[in-house]
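The residues making up each chain are set out below.
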Amino acid sequence: MKICRFNDERLGLIDGNKVIDVSDALDVLPALRWSFPMGDPLILHWDAVIAAINEAAPTGVCHELDNVRLNSPIANPGKIIGIAGNRKNRATEKLDFGPGVPVDTSCKDSDPPRMFIKANSALVGPSDGVALRFLDRRNDPEAEFTIVIGRACTDVAETEALDYVVGYCIGIDMTLRGAESASSRKSIDSYAVLGPWMVTADEIKDPDNISISLSVNGESLQDSNTSDMQYGIARVVSHASSFYTLHPGDVIMAGSPLGFAPVVPGDVMVSEFERIGRMEIKVRAHKT
C-alpha cells in the first residue's frame, strides 16, 4: 500500500497513476488536547487508519497523480534522524568539497553508525521544492532510503528492529557545506524532502536490496543500491533505538551513496527508488 498526503491536507491511496482520496479515514483519529502524545497521530493510530482506508477506498474520489500537490507523507515526525557516511569502504574515499570546507577523514569501517538530528521544520514534500540559502556556499543533495517508525521502541535488538517499521519513503537530505555542525547545516527550511508517498513495510520484504538513484537536470548524480550501505536497515534502527526512544512517525534517513555535486536555483532533481517510486523536486532561492 502506498499512502500520500496531498493538496490541502488530504489523505490519498496511490493506485497506479491515480490518487484515491481516502480522507474520510481520518475520522478515526481521536481529537487532540494539550499535552499532545508523542508521535505522528496518523502512524500512532495506524491499525485503525488502515482499516478505515480500506473501507473508504471503493467510493473515494480519484485524481490524476500529475494533477495533485504531493506533501510530505509524514506530517508530524517527533524527530528526523540522519545517518552520516553510510557507505562501504568509506575510509578509502577522497572527497573534496572545496576550499575551507572540512572533510572528516577519521572514519573507520569498524566504527558504529554516526547520527545527527535534522530539525522538524526542515521537512517538506516534493511539491514544496527546496529553497536554497547561503547561495555563496555549496549545497548538495543526498538521496536516502528513509525509514518510518511504526511503534514506540527503545533498545531494540537488530533481529527485531524491522518489526517496528511501518513503511519507507524516498528522502533527500540537503546539505550546506561548511564548518558548522551537521545538524545546523542540514536543518535549514526545506532541507529534508520526504516523499513521494509512504510504501508500507509489507511491500518491501528486503530493504537491504533496493536500487536508488538521483539525477539533476537529467544527468545522473547517484546510482546505487541499499546493499552498498555499510549498515543495513535493521542495524540502523537498532542503533538509533539504543540512543533514543523511537516514536510512531519518527523518520530515519539511512545514508547516501557517493556522487556529490552542488545544486543551484533552477535545477530539477529527480530521485527514483525501486519499489517506492519517483519524485521530482525543483530548486529555487530562498527569499526573506
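Residues numbered from 1 in each chain as written. Predicted model: local features only at pLDDT ≥ 70, side-chain atom pairs only at ≥ 80, totals over all residues. Heavy atoms only, no water.

Q: Describe the sheet that holds strand E18 (residues 268-273), and please don't skip the residues or the numbers.
A: If you walk across this open sheet you meet the five strands as E9-E19-E18-E15-E16, and the pairing is mixed. This sheet does not close on itself; its edge strands, each paired only once, are strand E9 (130-132) and strand E16 (219-225). Ignoring which end each strand starts from, the neighbouring axes of this sheet average 20° apart. (Pairing = 2+ DSSP bridges. Helix = DSSP H or I, 4+ residues; strand = E, 2+ residues; numbered from the N terminus. Axes fitted to C-alpha atoms, helices over the stretch in contact; angles between N-to-C directions.)

Q: Report on the environment of His-45, specifying residues and quantitative values.
A: For His-45, the location among the structural elements is in the loop between helix H1 (41-44) and helix H2 (46-56). Between the C-alpha atom of His-45 and that of Val-28, which follows or precedes it by 17 residues, the distance is 8.3 Å. Apart from residues no more than four positions distant in its own chain, His-45 is found in contact with Leu-29 and Pro-30. (Contact = heavy atoms within 4.5 Å.)

Q: Quick rundown of the pattern of salt bridges? Include the residues and the values.
A: Pairing between side chains becomes possible if they bear opposite charge and their charged atoms approach one another. In the structure shown here, the tally under the stated rule is 15 salt bridges. The partner of Asp-189 in a salt bridge is Arg-133, with the nearest N and O atoms 3.3 Å apart. In this pair, Asp-189 is assigned in the loop between helix H3 (182-185) and strand E14 (192-200) and Arg-133 in the loop between E9 and strand E10 (139-140), connecting sequence segments 56 residues apart. Asp-189 sits in the partly exposed class, given a relative accessible area of 39%. The exposure class assigned to Arg-133 is partly exposed, which follows from its relative accessible area of 27%. Residue Lys-186 pairs with Asp-173 through a salt bridge whose shortest N-O separation is 2.7 Å. Of the two residues, Lys-186 sits in the loop between H3 and E14 while Asp-173 sits in strand E12 (residues 165-173), which places them 13 residues apart along the sequence. Considered together, Lys-186 and Asp-173 belong to a single accessibility category, that of buried residues. Taken together, the salt bridges that share partners define one network made up of Lys-118, Arg-138, Asp-140, Glu-142, Asp-173, Arg-177 and Lys-186. (Salt bridge = Lys/Arg side-chain N within 4 Å of Asp/Glu carboxyl O. Buried < 20%, exposed > 50% of the residue type's maximum accessible area, 1.4 Å probe, protein only.)

Q: An account of unusual backbone geometry is requested, with residue identities and associated values reported.
A: For the bond from Trp-34 to Ser-35, the omega torsion is 0°, close enough to zero to count as cis. Among the structural elements, Ser-35 can be located in the loop between strand E3 (18-21) and H1. Put simply, Gly-195 and Pro-196 share a cis peptide bond, and its omega is -10°. Despite not being glycine, Glu-9 has its phi angle at roughly 60°, a positive value. Position of Glu-9 among the secondary structure elements: in the loop between strand E1 (2-6) and strand E2 (10-15).

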